[in-house]
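Structural features, examined
Spelled out, the chains give:
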Amino acid sequence: MLSLSIGEVSAALRKGRLSATELCRRCLNRIRKTRHLNAYITVTEDLAMKQAQEAELRLTRGKPLGPLDGIPFSVKDNFCTENIETTCASHMLRGYFPPFSATVVQKLLDQGAVLVGKTNLDEFAMGSGSTDSVFGPVRNPWSYSVSYREQSREQDPDSDWVIAGGSSGGSAAAVASLSSFMALGSDTGGSTRNPGSLCGLVALKPTYGLLSRHGLIPLVNSMDVPGIMTRTVHDAATVLDVLQGRDEKDSTTVESAYSPSSLPEEFDVRDICVGVPKEYHAPGMSAETLAQWGRVVALFERAGARVKEVSLPHTQHSIVCYHVLCCCEVASNMARFDGLQYGHRSKVDSSTEALYATTRHEGFNSVVRSRILAGNYFLLKQNYDRYFVKAQQIRRLITEDFRRVFQSGVDVLLTPTTLSDAARYSDFIQEDNRTRSAQEDIFTQPVNVAGLPAVTVPTALSSRGLPISLQLIGQSFQDMKLLTVANWMEQQLDFPIIRFHDDTDQERECKLGS
Amino acid sequence: IVTHLPSSPLHNETQTLWVLRGVVGLEIHAQIHATSKLFACSRVAFCSPPNSSVAFLDASLPGTLPVLNRRCVEAAVITGLALNCTINRKSLFDRKHYFYADMPAGYQITQQRLPIAVNGSLIYSYFGGRKRNQVLSRCVRIKQIQLEQDSGKSLHDDQRSQTLIDLNRAGVGLMELVMEADMSCGDEAAAAVRELQLILQTLGTCQGNMSEGQLRVDANVSVHCPGEPLGVRTEVKNINSARYVARAIDYEIQRQKKVLENGGIIVNETRAFDSKSGTTIPMRDKEGLQDYRFMPEPNLPPLFVYEDEASVPAGVNPTQVVMIDRLKAELPELPGVRRARMVDQYKILPEHSFTLVNEDGLTEYFERVVRNTKAEPRKVIGWVMKELLGNLNQQSLKLAQSPVSPEALADLLNVLESGHISSSAAKVVFQEMWKAPEKAVEQLVKELDLGLVSDREKLLKICQKVVDTHPEQVSE
């Protein structure tokens with residue numbers, strides 16, 4: 001039951017074959033069973049059951065609020081949730097209970113969705129492994145899957161578990177381990193697509209400005225977007241329809257000219273042109289990822305789509321451009337954390353300055369602190385032109401690269417999402433956060449720099465039994481069109497549902513009226 | 001923002017004080033008269049209990065985003081228009097970073113790169129000349145007007161070694177007006193400030209009360225020999241009332257002149273005006289070389305204002321934008337224009353026009369009297385200046401509290417004009433009207449028996465009576 005899509009389980013709820021409270025209880029049980037994944041920081045059991053009861057009432061009366069009524073979901077812990085602890089996985093916000101909810105969270109709640117918990121992440125969303133959290137790292141559920149364990153030489157899963165990716169690893173783990181049907185992540189440089197890819201999920205980064213950032217604790221204001229994680233493309237489209245739209249509280253949202261609310265009934269893949277950017281043949285890419293990329297290109301070609309190689313010449317500069325701008329905005333956004341109005345406050349109070357300095361040193365981990373220092377350096381008057389302005393100019397060139405390619409008749413671009421399948425935690429932590437981020441974000445961050453929509457779709461399992469995924473990049477505000485192509489791709493690939501050794505046959509075969 | 005070039009200390013010891021002239025520029029922060037703050041909907045509240053008007057954004061709660069207040073944009077445009085500025089069709093917002101307890105975000109949102117209005121001017125007048133009764137007209141250039149956030153307030157409690165923060169003011173919209181260094185002394189600066197206050201109050205964009213912090217003036221002061229490069233400037237802060245503007249600036253000019261005369265050099269520093277001693281004192285410059293690390297505000301797209309409805313692009317709702325022509329059409333009569341009109345239309349003295357425009361509602365009062373009386377405006381103005389204002393000032397009343405209405409005064413003047421009473425009698429009647437506003441003029445004249453007698457027989461009888469009762473004087 002828990003591995004059903006939103007569409008399937010929603011239909012079951014509406015037809016009365018399943019009760020919302022039963023569904024919620026199952027998810028909460030699943031959370032308990034998968035505690036070792038460390039996917040959740042806060043589990044909102046009582047609240048979830050209450051919401052489920054309310055949903056059940058509406059459903060039995062035949063008056064659901066919509067396709068998400070009664071559906072359990074989780075939210076990355078950098079989204080504000082009213083009166084529910086929101087920590088950003090940092091000491092700085094331990095014990096912080098926001099007095100308001102993020103717009104995207106509220107929209108889901110208003111549709112009757114059931115919030116089961118707040119998920120783990122890299123501290124303040126800085127990282128690509130979900131390994132730098134004060135609550136400990138997140139484990140990829142596939143570490144315990146039949147496919148991985150079968151080919152692993154280790155007996156003890158605690159020694160060779162793999163990372164979930166980051167920074168929205170907890171959200172990915174929640175959906176991939178089947179304790180949530182959908183999850184909100186955030187995506188600044190790939191933080192939703194990266195864990196989505198490593199956990200074998202559909203993860204959508206919408207166009208910048210399509211979804212409201214009000215209540216999303218910012219990393220880089222000019223690149224952050226709320227991300228959607230589901231197990232099918234259709235589910236992602238359902239959630240997108242609920243969340244998209246101008247928000248008065250966020251001045252960077254736009255009313256896009258025409259925004260379809262669902263995937264089209266008819267779609268002919270022969271109508272589209274797929275671009276394959278040659279600069280995305282990165283040196284660190286695994287052979288299997290490369291093979292999948294070729295496989296899917298061939299899929300499109302065989303089906304009659306136009307496929308052509310394209311060039312995004314400034315790609316090589318993107319990662320540095322991204323890092324400079326990211327550090328600058330981080331330095332600015334983190335300036336508010338001084339312990340005065342909220343959050344951690346140091347006991348040192350010899351002077352205001354001492355209070356500030358100690359609070360910030362105690363509250364932030366070294367990743368956050370180093371980005372703040374770098375950002376302040378770049379923003380100094382003497383450095384501003386050379387770093388910040390230069391990076392913005394490069395940013396424009398990168399954006400122009402994409403625009404030119406789309407203008408030449410390309411509808412979507414097809415690239416890998418990550419360099420390979422999920423790394424073992426013990427291997428991943430051999431390099432520091434900065435190095436890993438620079439490596440892992442290579443395919444994802446140019447999309448954030450340009451503000452475009454992109455979605456990762458799982459394609460196959462690797463020889464290690466772990467998901468490999470590919471990324472589709474679309475044009476600005478053509479998110480539904482992007483998902484339409486992704487939907488076709490998903491249907492061709494038939495990526496397997498995750499299986500665990502302790503799954504009972506009953507649970508696995510519970511496919512209600514699909 | 002005002003640039004003063006550094007110069008070397010005077011090495012000619014014979015140069016005396018009078019050759020050095022003051023150079024004064026002003027940075028004025030005017031609190032925008034609006035219901036809510038610049039980027040949040042918390043109320044702009046004066047004298048409210050501490051921290052009772054604080055939106056989530058004002059407290060810098062993470063995840064909050066600024067939303068621009070339309071009224072504040074209009075106020076800045078209106079003020080810019082009144083000061084002959086070029087309104088920038090596109091302007092930008094920036095973050096100015098520094099840590100201070102009354103600024104929770106660790107940065108202030110301001111307009112550093114491209115402010116909303118530039119290159120304006122303010123014409124002001126002040127009383128100069130040897131007897132200070134000459135109305136002298138001056139012009140000061142307005143470099144720019146920018147929108148920015150106000151900070152909260154901090155109170156230092158040294159006894160308990162703590163600082164108390166009140167965020168009611170945090171986020172209130174400010175217009176920062178920069179006046180170029182076109183002024184040369186305290187009187188000029190004070191007059192410029194006074195005229196700006198009047199203009200802002202007339203426009204309704206700022207209530208201009210300095211003691212309540214609605215208008216804050218910082219002065220950039222330096223001295224130089226005319227023709228020579230500008231001297232090193234100091235910034236003078238903590239000028240808390242209009243009357244201190246002149247005192248603080250003049251003190252600082254004198255101080256700098258003395259320093260230079262004695263062979264010293266001026267240090268570029270910030271000094272605070274101490275009203276008790278009437279001097280300026282160096283402020284603890286804990287910031288040292290402050291680098292504000294300006295960065296564009298990423299949560300606010302560029303601000304566009306449009307000329308008129310025709311220039312609003314397709315797809316943009318005209319009700320959602322600020323249009324300059326609409327605001328231009330609604331500009332009220334500015335003080336300078338009104339003064340000129342008063343002198344021109346009513347032939348009153350310029351000094352009187354100042355008083356008329358300075359007092360809230362006095363022009364309207366005066367004009368109503370003029371409309372309702374046969375007496376010449378030049379006569380009316382005398383009554384308004386002496387009798388009316390005299391009484392109001394003596395009893396510390398506002399014009400709105402005057403017991404004598406414009407119509408009543410007009411009545412009195414009509415009676416005077418017709419010759420029924422003498423002017424000295426009229427003054428007595430006026431005082432009685434003040435005490436008993438419900439009584440009509442004619443009634444009071446009768447009661448006080450102040451009517452002029454023009455009947456020849458009656459006059460003869462009175463004279464005869466006087467002669468009869470004072471025989472001694474008659475014989476002499």
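Looking at an unreviewed UniProt entry, one finds chain B named Glutamyl-tRNA(Gln) amidotransferase subunit B, mitochondrial and attributed to Pygocentrus nattereri. According to its UniProt record, chain B has this under Catalytic activity (unreviewed entry): "L-glutamyl-tRNA(Gln) + L-glutamine + ATP + H2O = L-glutaminyl-tRNA(Gln) + L-glutamate + ADP + phosphate + H(+)". Chain B has a UniProt comment under Function (unreviewed entry) that states "Allows the formation of correctly charged Gln-tRNA(Gln) through the transamidation of misacylated Glu-tRNA(Gln) in the mitochondria. The reaction takes place in the presence of glutamine and ATP through an activated gamma-phospho-Glu-tRNA(Gln)."

If you check an unreviewed UniProt entry, chain A appears there as Glutamyl-tRNA(Gln) amidotransferase subunit A, mitochondrial from Pygocentrus nattereri. Looking at chain A in UniProt, the text filed under Subunit (unreviewed entry) is "Subunit of the heterotrimeric GatCAB amidotransferase (AdT) complex, composed of A (QRSL1), B (GATB) and C (GATC) subunits." The UniProt entry for chain A carries the following text under Catalytic activity (unreviewed entry): "L-glutamyl-tRNA(Gln) + L-glutamine + ATP + H2O = L-glutaminyl-tRNA(Gln) + L-glutamate + ADP + phosphate + H(+)".

**Some remarks on the overall build of chain B**
Of the regular secondary structure elements, chain B holds 13 helices and 16 strands. Its C-alpha atoms give chain B a radius of gyration of 29 Å, more than 25% over the compact-globule value 23 Å for 476 residues. C-alpha atoms of chain B, sized along the principal axes, occupy 95 × 70 × 55 Å. Taken across its 476 residues, chain B has 49% of its residues classed as buried. The long-range share in chain B, meaning contacts at least 24 apart out of those at least 6 apart in sequence, stands at 69%. For chain B, the exposed area adds up to about 24,000 Å²; of that, 51% sits on carbon and sulfur atoms. Within chain B, the 57 negative side-chain charges are centred at a point lying 1 Å from the centre of the 54 positive side-chain charges.

**Concerning the environment of Val 242 of chain A**
All names here are of chain A. Among the structural elements, Val 242 can be located in helix H8 (residues 233-243). Judged by its relative accessible area of 16%, Val 242 falls in the buried class. Expressed as a C-alpha distance, the spacing of Val 242 and Thr 230, which sit 12 residues apart in the sequence, is 14 Å.

**Examining the UniProt feature "active site" (unreviewed entry) in chain A**
Residues and elements named next belong to chain A. Under the UniProt annotation, the feature "active site" (unreviewed entry) is placed at Lys 76, Ser 167 and Ser 191. What stands out for the annotated residues spanning 116 residues is how close their C-alpha atoms remain, the widest pair being 10.9 Å apart. Mapped onto the elements of the fold, Lys 76 is located in strand S2 (residues 72-76). Judged by its relative accessible area of 0%, Lys 76 falls in the buried class. Setting aside anything within four residues of it in sequence, one finds Lys 76 in contact with Lys 118, Thr 119, Leu 121, Ala 125, Ser 167, Ser 168, Ser 171, Leu 184, Gly 185, Ser 186 and Ser 191. Residue placement: Ser 191 occurs in the loop between strand S4 (182-187) and helix H7 (193-198). In this structure Ser 191 comes out as buried when scored by relative accessible area, which is 6%. The contacts of Ser 191, once residues within four sequence positions are left out, are Lys 76, Ala 125, Gly 127, Gly 166, Ser 167, Ser 168 and Ser 186. At 3.0 Å, the side chain of Ser 191 and the side chain of Ser 167 are in polar contact.

**Description of the sheet that holds strand S15 (residues 295-296) of chain B**
Residues and elements named next belong to chain B. If you walk across this open sheet you meet the 3 strands as S5-S4-S15, and the pairing is antiparallel. A single partner strand is all that each edge strand has here, and the edge strands are strand S5 (107-110) and S15. Strand direction decides the pairing type here: strand S4 (residues 94-97) and S5, joined by 4 bridges, are antiparallel. Across the sheet, Arg 95 pairs through a bridge with Ile 109, a residue of S5.

**Details of the environment of Glu 309 of chain A**
Residues and elements named next belong to chain A. Along the chain, Glu 309 turns up in strand S8 (residues 306-310). Overall, the relative accessible area of 59% leaves Glu 309 in the exposed class. With 20 residues separating them in the primary sequence, Glu 309 and Glu 329 have C-alpha atoms 34 Å apart. Residues in contact with Glu 309, not counting those within four places in the same chain, are Val 276 and Lys 278.

**As for the nonpolar core**
By size, the foremost hydrophobic cluster in this structure holds 165 residues, and its most contacted members are Leu 108, Phe 124, Phe 300, Phe 402, Leu 414 and Met 489 of chain A. It is helix H10 (residues 315-333) of chain A that provides the largest number of residues to this core, a total of 9 residues. Setting aside residues up to four positions removed in sequence, Phe 402 of chain A forms contacts with Tyr 280, Leu 312, Leu 413, Pro 446, Ala 450, Leu 452 and Ile 473 of chain A. The next biggest cluster of nonpolar side chains, apart from the first, holds 73 residues, and it includes Ala 76, Ile 116, Met 179 and Tyr 244 of chain B.

**Quick look at the packing of helix H5 (residues 335-346) of chain B against helix H7 (residues 362-372) of chain B**
All names here are of chain B. It is at 12 Å that the axes of H5 and H7 come closest, and there the two elements cross at 20 degrees. Relative to H7, the element H5 is oriented roughly parallel. The handedness of the crossing between H5 and H7 is left-handed. Contacts from Arg 338, Arg 341, Met 342 and Tyr 346 of H5 reach H7 at Thr 363, Glu 364, Phe 366, Glu 367 and Val 370. Per-class residue counts for the contact of H5 with H7 are 4 nonpolar, 1 polar and 4 charged.

**Here we look at the interface of chain A and chain B**
Taken together, the contacts link 38 residues of chain A with 29 residues of chain B. Between chain A and chain B lies a buried interface of about 2,700 Å² when both sides are counted; carbon and sulfur atoms form 59% of it. Summed over the shared surface of chain A and chain B, the number is 0 salt bridges. One can count 15 residue pairs in polar contact (both at pLDDT 80 or more) joining chain A with chain B. The set of elements that each furnish at least two residues to the side of chain A that touches chain B consists of H10, helix H11 (352-363), helix H12 (366-379) and helix H13 (381-407) of chain A.

**Considering unusual backbone geometry**
Omega for the peptide link from Gly 166 of chain A to Ser 167 of chain A comes to 5 degrees, which places this bond in the cis form. Structurally, Ser 167 of chain A is set in the loop between helix H5 (146-151) and helix H6 (169-176). We note that Asn 84 of chain B has phi near 60 degrees; this positive angle belongs to a residue other than glycine. Residue placement: Asn 84 of chain B occurs in the loop between helix H1 (70-82) and strand S2 (86-87). Even without being a glycine, Ser 396 of chain B presents a positive backbone phi close to 50 degrees. Considering the arrangement of structural elements, one finds Ser 396 of chain B in the loop between helix H8 (377-394) and helix H9 (406-417). Owing to a relative accessible area of 65%, Ser 396 of chain B belongs among the exposed residues under this scheme.

**Remarks on helix H17 (residues 479-493) of chain A**
Residue and element names in this part refer to chain A. The first and last C-alpha atoms of H17 sit 21 Å apart over 15 residues, in line with the 21 Å expected at 1.5 Å per residue. Within H17, 11 of the 15 residues are buried, leaving the element largely enclosed by the surrounding structure. Every buried residue of H17 is listed here: Asp 479, Met 480, Leu 482, Leu 483, Thr 484, Val 485, Ala 486, Asn 487, Trp 488, Met 489 and Leu 493. Contacts from the buried residues of H17 go to strand S5 (202-205), H8, helix H9 (287-302), strand S9 (412-416), strand S10 (454-461) and strand S11 (467-473). Looking one or two places after H17, you find Asp 494, whose phi comes out positive at around 55 degrees.

About the thresholds
- Residues numbered from 1 in each chain as written.
- Chains lettered and ligands numbered in written order.
- Predicted model: local features only at pLDDT ≥ 70, side-chain atom pairs only at ≥ 80, totals over all residues.
- Heavy atoms only, no water.
- UniProt positions renumbered as here; feature names shortened; annotations may be inferred.
- Helix = DSSP H or I, 4+ residues; strand = E, 2+ residues; numbered from the N terminus.
- Rg over C-alpha atoms; globule rule 2.2 N^0.38 Å.
- Buried < 20%, exposed > 50% of the residue type's maximum accessible area, 1.4 Å probe, protein only.
- Contact = heavy atoms within 4.5 Å.
- Areas by Shrake-Rupley, 256 points an atom, 1.4 Å probe, with all protein chains shown as cover.
- Lys, Arg positive; Asp, Glu negative; His and termini not counted.
- Charge placed at Lys NZ, Arg CZ, Asp CG, Glu CD.
- Polar contact = N/O pair within 3.5 Å; in protein donor to acceptor, adjacent residues only side chain to side chain.
- Pairing = 2+ DSSP bridges.
- Core = buried A, V, L, I, M, F, W, Y, C linked by side-chain atoms within 4.5 Å.
- Axes fitted to C-alpha atoms, helices over the stretch in contact; angles between N-to-C directions.
- Parallel < 35°, antiparallel > 145°, perpendicular 65-115°, else oblique.
- Left-handed = near helix turned anticlockwise from the far one by under 90°.
- Nonpolar A, V, L, I, M, F, W, Y, C, P; charged D, E, K, R; others polar.
- Buried area = accessible area lost by both parts, 1.4 Å probe.
- Salt bridge = Lys/Arg side-chain N within 4 Å of Asp/Glu carboxyl O.
- Expected span 1.5 Å × (residues − 1).

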